[in-house]
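# Structural features, examined
Read off the chains here:
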Amino acid sequence: MLYTLILYVLLGIGLAASVGFLVLHRPRRFFRVTEINASWWVIIVGLLYARSLLLLGIRGARPGETWWDSAISIGFLTAIDVLLLVRFFSYLWYLREHPEKRS
């Protein structure tokens, strides 16, 4: 039960950071190199997180057979969440420093 709750929290945080960044960034030209570098990995991870949340709600979670299997899964999710949160907050700081970029 604790494992499932941790997965819900981590997937929810990552999905919120991904959607928040995309709402703030509002990419217009998806196929420019700068947009691909800035946004596509966030879009891909957000879609994977949404899919994982949906499947977690449908199937539930079964912890790994050993403790380290669960620890690795939670560790990878935490690391990706940290990257998404850094991306989100760094863009917020960028907007604060450059108010003319808001449109």
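You'll find the structure just up there.
Being a predicted model, the structure only gives us computed values, none of them experimental.

### What about the packing of helix H1 (residues 2-25) against helix H3 (residues 67-97)?
Running from amino to carboxyl end, H1 crosses H3 at an angle of 25 degrees, the nearest separation of the two axes being 9 Å. Considering the angle they form, H1 stands roughly parallel to H3. Here the hand of the crossing between H1 and H3 comes out left-handed.

### Section: a positive patch on the surface
On the surface, a cluster of positive charge is contributed by Arg 26, Arg 28, Arg 29 and Arg 32. Here Arg 28 shows up in the loop between H1 and helix H2 (33-59). Residue classification places Arg 28 among the exposed positions, given a relative accessible area of 58%.

The rules behind the values
- Residues numbered from 1 in each chain as written.
- Predicted model: local features only at pLDDT ≥ 70, side-chain atom pairs only at ≥ 80, totals over all residues.
- Heavy atoms only, no water.
- Axes fitted to C-alpha atoms, helices over the stretch in contact; angles between N-to-C directions.
- Helix = DSSP H or I, 4+ residues; strand = E, 2+ residues; numbered from the N terminus.
- Parallel < 35°, antiparallel > 145°, perpendicular 65-115°, else oblique.
- Left-handed = near helix turned anticlockwise from the far one by under 90°.
- Patch = residues over 30% accessible without salt bridge, like charges linked within 9 Å, V, L, I, M, F, W, Y side chains within 5 Å.
- Areas by Shrake-Rupley, 256 points an atom, 1.4 Å probe, with all protein chains shown as cover.
- Salt bridge = Lys/Arg side-chain N within 4 Å of Asp/Glu carboxyl O.
- Lys, Arg positive; Asp, Glu negative; His and termini not counted.
- Charge placed at Lys NZ, Arg CZ, Asp CG, Glu CD.
- Buried < 20%, exposed > 50% of the residue type's maximum accessible area, 1.4 Å probe, protein only.

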